[in-house]
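This is what each chain is made of:
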Amino acid sequence: MRTSGFDPALAEIIGKRLKVVTIFIVVIISVLLLRLWFLQIIKGPSYRVQSENNRIHLQSIPPFRGLIFDRNGELLVDNRPSYDVYIIPEDVHDSETLYTNLNRLIPIDPDLFKKKIKRKYSSRSFEPVLLKRGITREELARVEVNLFNLPGVFIEVKPQRNYIYSSFASHIVGYLGEISESQLKSGKYKNINSGDMIGKYGIENIWQNQLNGERGGRQVEVDASGRKLRTISQKPAVPGYNIFLTIDKDLQSFAEESLKDKTGTVIALDPNNGEVLAMVNSPAFDPNKFVTGFSTSEWSEIINNPDKPLQNRVIRGQYPAASVFKIVTALAGLEEGEIDPEEKISCVRKFRLGDSSYSCWKLKFGGHGAVNLKEAIMGSCDIYFYKIGQRLGIDKIARYARMFGLGEKTGIDLNGEKEGLMPDTKWKLKAKGIPWQQGETLSCAIGQSYVTVTPIQMANLISTVFNGGNVFQPKVVKKVMNGENKIYEVSPKRRKRIHISKDNLEMVKEALIAVVNDPAGTAYKKVRIKGVTVAGKSGTAQVVNLEKVKNAKSDGEVPSKYEDHAWFVAIAPAEKPEIAVAVLVEHGGGGSDNSGPVARDLIKHFLNK
């Protein structure tokens, strides 16, 4: 018989099990509460920021790059709007679909797109990446209408550099280019992001940080597709400084036109302070192409052009000084007492040194006859200066040349300047491993052999002779104006003062005036200006040795690459100089005939204005 009722043992077992379950439930709830407290209280601010970043984009506001003017306030370089397509890699979930949708609207290079999207897997995936610069207004409209299908894509209106007169003064102004990854990491560039344009050459490069200005920014709320909903806050950008150059727009334009269809260079200076009034290189280039982009054929044409349009010949071209160098030899001879100004030296046939003979350019006309210093400079007699060079020796000639700044950089405020070469006995032994030869001294005395100079040095040379012996550091920036319209003048710098007697300088100046104004002068017919006292010196620089020219003549017409370079340096008015000019026409032939008229017209235009 079974008895029903309460079983104490069973009740005890059930009670223990309920207790365990209760404890387990309490522990689970406690863990959940603790986790909730940790997420809400401890990590809450951090997750809140992350949540905000998912819907708030930080967009930079590029500053307007500073403007560039000529010395008179004529605007040369400004900015215009550019519509640029950017992508935020982090917001792209299906890159293939995005590319397909975007490529239907604007042509996109697939390799470039893949390269940009790779940023998605880097620590900087949240930063916007430039996809295409300068789309048209029609392309802009198509993209804007379809932004809901383009997650991560947005359009930014940026100021784009605009070189108003295309190739005008391009070797001074320079150009921009997109910053590279290595440049971005270098830390040298302030307020610059990936895809931004920076100065790569010329004033744009040297004054990059001042011209660039300070970047602003805005907080923009976007939806899941990346479309802008509203602007939360904004800090305006600060525009860059404005630069005023020393060049005169009108004179620069005239000089550029004078070298049209020629290969060469013109440099005009204010001889009293070193300011560059005009600097021309022909051929030139259009800086706008570096902003908008070259086609493959255009870039190939630029870099393969034998005339090197990207080279600034004024400061980088190193040419034989030719007869312009006789100015230095004359002053060295006077100072060292090796020249009696009235001594007559005979110029007939050839000058012999050992087994070698050295002729004068006027040999085929019977030579110059017996000439003194003034007549030798006026007629550019080679044999006179061979003999003076022999008396002086190369080391003394080199010392006086360096006194005038030859063989060293002028210090002009542009990048890439070359120093040329002023050789001496030590240089020859070190560079060539053999002693100096007397015949080399004769060639150097008339600016040939190893002597090379830049056009800016030649303009400085004649400036120094006529301004009382001051060697100025040339400059192309006159003043800088900040955003508050405060102007900073860039003061002239005198590098040194030469120690040559006033009487000796006056004798050489008188001879250089005669070159242009005496009927027997080499430049009388081509350079003289009625009513203005112009002083100057021509030079015809041999490019190859005469043997090559003779061989070429025997085969027919002499190739243009064998033709001499044509020099002319000039200054005016000689009594109180206002402008000094150096002209070099590559393979132009005689200096007075080919470069002289360019210098004459430039001086005339400047003084008339």
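The coordinates are above.
I will try to describe carefully the structure that is included in this document. (Residues numbered from 1 in each chain as written. Predicted model: local features only at pLDDT ≥ 70, side-chain atom pairs only at ≥ 80, totals over all residues. Heavy atoms only, no water.)

1. Concerning the overall build of the chain
Note the following rule: Starting at the N terminus, helices and strands are each numbered in turn, a helix being any DSSP run of H or I of at least four residues and a strand any DSSP run of E of at least two. When we talk radius of gyration, it's over C-alpha atoms, and the globule rule is simply 2.2 Å times the number of residues to the 0.38. Relative accessible area decides the class of each residue, using a 1.4 Å probe on protein chains only: under 20% of the type maximum gives buried, over 50% gives exposed, and in between gives partly exposed. Every residue pair with non-hydrogen atoms within 4.5 Å of one another is taken to be in contact. Each accessible area is a Shrake-Rupley estimate made with a 1.4 Å probe; only the visible protein chains count as cover when residues are assessed.
Along the backbone of the chain there are 25 helices and 25 strands. Here the C-alpha atoms of the chain give a radius of gyration of 37 Å, more than 25% beyond the 25 Å that 2.2 N^0.38 yields for 609 residues. The principal-axis extents of the C-alpha atoms in the chain amount to approximately 160 × 55 × 50 Å. Counting over 609 residues, the chain shows a buried share of 48%. Sequence-distant contacts, at least 24 apart, represent 71% of the contacts inside the chain between residues at least 6 apart. As displayed, the chain has an accessible area near 30,200 Å², and 51% of this comes from carbon and sulfur atoms.

2. Let's talk about the pairing of strand 24 (residues 565–572)
Operational definition: Strand pairing is assigned whenever DSSP detects at least two bridges linking the two strands.
Summarising burial for strand 24: eight of the eight residues are buried, a large majority. The side-chain alternation of strand 24 yields two buried faces, one formed by His565, Trp567, Val569 and Ile571 and the other by Ala566, Phe568, Ala570 and Ala572. As judged from the seven bridges shared by strand 23 (residues 535–541) and strand 24, these two strands associate in the antiparallel manner. Within strand 24, the residue paired with lysine 537 across the bridge is valine 569. With seven bridges joining them, strand 24 and strand 25 (residues 579–585) adopt antiparallel strand pairing. In the sheet register, alanine 572 faces strand 25, and the bridge partner there is isoleucine 579. What sits between strand 24 and strand 25 in their antiparallel hairpin is a turn of six residues.

3. Some remarks on the sheet that holds strand 12 (residues 276–282)
Filter applied, for reference: Angular values range over 0 to 180 degrees, each being the angle between N-to-C directions of two axes fitted as lines to C-alpha atoms, with helices fitted over their stretch in contact.
Read from one edge to the other, the open sheet built from five strands follows the order 12-11-25-24-23, with strand pairing classed as antiparallel. Pairing within the sheet leaves two strands with one partner each, and these edge strands are strand 12 and strand 23. Going across the sheet, the axis of each strand differs from the next one's by a mean of 5°, ignoring polarity.

4. Describing the pattern of salt bridges
Rules: A pair is scored as a salt bridge if a Lys or Arg side-chain nitrogen falls within 4 Å of a carboxyl oxygen belonging to Asp or Glu.
All told, the structure shown has 22 salt bridges when counted by the stated rule. With a closest N to O distance of 3.1 Å, arginine 399 and glutamate 336 form a salt bridge. With arginine 399 in helix 17 (residues 394–403) and glutamate 336 in the loop between helix 14 (326–335) and strand 14 (345–347), this residue pair connects regions lying 63 residues apart in the sequence. Residue arginine 399 is classed as partly exposed on the basis of its relative accessible area, which comes to 42%.

5. Quick look at the side chain of arginine 215
With respect to the secondary-structure elements, arginine 215 resides in the loop between helix 9 (208–212) and strand 8 (216–222). Those residues within four positions of arginine 215 in sequence are excluded, and the remaining contacts are Ser60, Ile61, Pro62, Pro63, Asn191, Ile192, Asn193, Asp196 and Ala237.

6. So, unusual backbone geometry
In this model, serine 282 is joined to proline 283 through a cis peptide bond whose omega is 5°. By secondary structure assignment, the location of proline 283 is in the loop between strand 12 and helix 11 (288–292). The backbone of alanine 169 shows a phi angle near 50°, a positive value even though the residue is not glycine. Mapping alanine 169 onto the fold places it in the loop between strand 5 (153–163) and helix 6 (170–173). Of note in the backbone geometry, lysine 308 takes a positive phi value of approximately 50° without being a glycine. Relative to the helices and strands, lysine 308 resides in the loop between helix 12 (296–303) and helix 13 (313–316).

7. Some thoughts on the packing of helix 14 against helix 21 (residues 502–517)
For clarity, the threshold we go by: Each crossing gets its handedness from the near helix: less than a right angle anticlockwise from the far helix is left-handed, clockwise is right-handed. Note on residue classes: Ala, Val, Leu, Ile, Met, Phe, Trp, Tyr, Cys and Pro are nonpolar, Asp, Glu, Lys and Arg are charged, and everything else, Gly too, is polar.
One way to put it is that helix 14 packs onto helix 21 with a least axis distance of 10 Å and a crossing angle of 145°. As helix 14 runs across helix 21, the sense of the crossing is right-handed. Contacts between helix 14 and helix 21 involve Ile327, Ala330, Leu331, Leu334 and Glu335 on the former and, on the latter, Asn504, Leu505, Met507, Val508 and Leu512. Here the residues of the contact of helix 14 with helix 21 are counted per class, giving eight nonpolar, one polar and one charged.

8. Section: the state of the cysteines
Spelled out, the test is: Here, the term disulfide refers to a pair of cysteine sulfur atoms separated by no more than 2.5 Å.
Here the structure, examined in full by the defined rule, presents zero disulfides. Considering cysteine sulfurs only, cysteine 381 is the nearest to cysteine 347, which forms no disulfide, with 3.5 Å between them. For cysteine 347, a relative accessible area of 1% translates into the label buried.

9. Quick notes on the packing of helix 10 (residues 249–258) against helix 25 (residues 596–608)
We apply this condition: Reported orientations rely on four angle classes, namely roughly parallel under 35 degrees, roughly antiparallel over 145, roughly perpendicular from 65 to 115, and oblique for the rest.
Contact geometry of helix 10 with helix 25 gives a least axis separation of 10 Å together with a crossing angle of 160°. In terms of orientation, helix 10 and helix 25 fall into the roughly antiparallel class. Both helix 10 and helix 25 take part in a crossing whose hand is right-handed. Counting all contacts with helix 10, which are made through Asp250, Leu251, Phe254, Ala255 and Ser258, the residues of helix 25 involved are Val598, Asp601, Leu602, His605 and Phe606. Grouping the amino acids of the contact of helix 10 with helix 25 by side-chain chemistry returns six nonpolar, two polar and two charged.

10. Quick notes on the packing of aromatic side chains
Using the following cut-off: Geometry of aromatic contacts follows a simple scheme: Phe, Tyr and Trp rings, the Trp one being its six-membered ring, pair when their centres are within 6.5 Å, and the pair is stacked under 30 degrees between planes, edge-to-face over 60, tilted otherwise. For a ring to carry a charge above it, either NZ of a lysine or CZ of an arginine must fall within 6 Å of the ring centroid while also lying within 35 degrees of the normal to the ring plane.
Scanning the entire structure with this criterion turns up 18 aromatic pairs. Three or more aromatic residues link up through ring pairs in this structure, and these residues are Tyr175, Tyr201, Phe285, Phe290, Phe294 and Trp299. Seen from the ring of tyrosine 165, lysine 249 lies directly overhead, with NZ or CZ sitting 4.7 Å from the centre. In this structure, lysine 479 packs its charged tip against the face of phenylalanine 244, placed 4.9 Å from the ring centre.

11. Let's talk about empty space enclosed by the protein
By rolling a water-sized probe across the atoms, one finds the places where empty space is left. Note the cut-off: Here a cavity denotes a set of grid points, spaced 1 Å apart and computed over the protein atoms alone, in which a 1.4 Å probe fits but from which it cannot get out, and a pocket denotes an open set meeting protein on both sides within 12 Å along at least five of seven lines; residues with an atom within 4 Å of a point are reported as lining. Grid points are joined across faces, edges and corners, and a volume is the space filled by probe spheres set on the points.
Within the structure shown, the criterion is met by five cavities of 30 Å³ or more. Here the largest cavity is characterised by a volume of approximately 280 Å³. If you go around the largest cavity, you meet 20 residues; those closest to its centre are Pro62, Pro63, Lys158, Pro159 and Met197. Of all the secondary-structure elements, those providing two or more residues to the lining of the largest cavity are strand 3 (75–87) and strand 5.

12. Comments concerning the nonpolar core
As a reminder, the rule being used: We define a nonpolar core as any set of buried Ala, Val, Leu, Ile, Met, Phe, Trp, Tyr and Cys residues linked to one another through side-chain atoms lying within 4.5 Å.
Counting residues in hydrophobic clusters, the biggest one holds 122 residues, and the most contacted among them are Ile203, Leu245 and Tyr384. In this structure, leucine 245 is in contact with Ile68, Phe69, Asp70, Arg71, Leu76, Ile172, Val173, Ile203, Val476, Val477 and Lys478, ignoring residues within four places of it in sequence. Residues Tyr83, Val85, Tyr99 and Ile135 belong to the second largest nonpolar core, which totals 21 residues.

13. Thoughts on the side chain of lysine 249
Selection rule: This count recognises Lys and Arg as positive and Asp and Glu as negative, with His and chain-terminal groups excluded.
Checked against the element boundaries, lysine 249 lands in helix 10. One buried charged residue, lysine 249, forms no salt bridge at all, with the nearest opposite charge on glutamate 74 at 4.8 Å. Other than its neighbours up to four places away in sequence, lysine 249 contacts Asp70, Glu74, Leu76, Tyr165 and Phe168.

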